[in-house]
Amino acid sequence: MTTETEALDPVGHGWALVEDKGFIAHVGPLHLRGADGAYAFRAEQKHANLIGVVHGGMLMSFADRALGETAMWAADGANCVTIQLEMKFIDVGRLGNWIEIRPQVVKRTGSLVFMRGDVRDGTRLLASADGVWKILRRRPD
């Protein structure tokens, strides 16, 4: 569970900023904790849906990035692309809170990586993600 201090200073608690000039720059910032491979973000107003909680699309983008990066690690650094991602939404994410996922590699084959992860707001389970990533043999053009 995240302490109030960690909420104010994630870098001081082992979280590193995920650098990205692409899509994640628009919806982030995201953080990565190297000790256990967890990802997190602070839910801000820009992440809100019409009823003032974290938008499901943000939770899906967050899970896709975290599971996708972990899939690439599991594929020995090869590029991977999402071919299937399923989310089950269970509870709402509250603005201002620290939201985390700890990606898990379920299985790696010669061409696929099967992943899963639970999106949490403290101890509350917000969503469950399951997906499959294709290991690419070359960089896309």
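Note: the structure precedes this text.
Residues numbered from 1 in each chain as written. Predicted model: local features only at pLDDT ≥ 70, side-chain atom pairs only at ≥ 80, totals over all residues. Heavy atoms only, no water.

A separate point is the packing of aromatic side chains. Counting across every chain of the model gives two aromatic pairs. Ring centres 5.3 Å apart and planes at 80° place the aromatic pair tryptophan 15 and tryptophan 98 in the edge-to-face group. Residue tryptophan 15 is located in strand β1 (residues 15-17), and its partner tryptophan 98 is located in strand β5 (residues 98-101); the two are separated by 83 residues in the primary sequence. Considered together, tryptophan 15 and tryptophan 98 belong to a single accessibility category, that of buried residues. (Phe/Tyr/Trp six-rings, centres within 6.5 Å; stacked < 30°, edge-to-face > 60°. Helix = DSSP H or I, 4+ residues; strand = E, 2+ residues; numbered from the N terminus. Buried < 20%, exposed > 50% of the residue type's maximum accessible area, 1.4 Å probe, protein only.)

Counting 29 residues, the largest nonpolar core has Phe41, Phe62, Ile99, Ile101, Val113 and Val119 as the members making the most contacts within it. Only α2 (23-27), β3 (38-42), α3 (56-74), β4 (80-89), β5, β7 (112-121) and β8 (124-135) provide two or more residues apiece to this core. Here the element with the most residues in this core is α3; it accounts for eight residues. With residues up to four places along the chain from it excluded, the contact list for valine 119 reads Leu59, Phe62, Met87, Ile99, Glu100, Ile101, Arg124, Leu125, Leu126 and Ala127. (Core = buried A, V, L, I, M, F, W, Y, C linked by side-chain atoms within 4.5 Å. Contact = heavy atoms within 4.5 Å.)

To continue, consider the pattern of salt bridges. Under the definition given, this model contains 14 salt bridges. The closest approach of N and O atoms between aspartate 36 and arginine 33, which form a salt bridge, is 2.7 Å. Among the residues examined, arginine 33 registers a relative accessible area of 14% and is labelled buried. For lysine 88, the salt bridge is made with aspartate 130, and the minimal N-O distance between the two is 3.4 Å. Note that lysine 88 is positioned in strand β4 and aspartate 130 in strand β8, a separation of 42 residues in sequence. By relative accessible area, which is 23% here, aspartate 130 ends up partly exposed. Shared partners join several salt bridges into a network, and the residues in it are Glu86, Lys88, Arg116, Asp118, Arg120 and Asp130. (Salt bridge = Lys/Arg side-chain N within 4 Å of Asp/Glu carboxyl O.)

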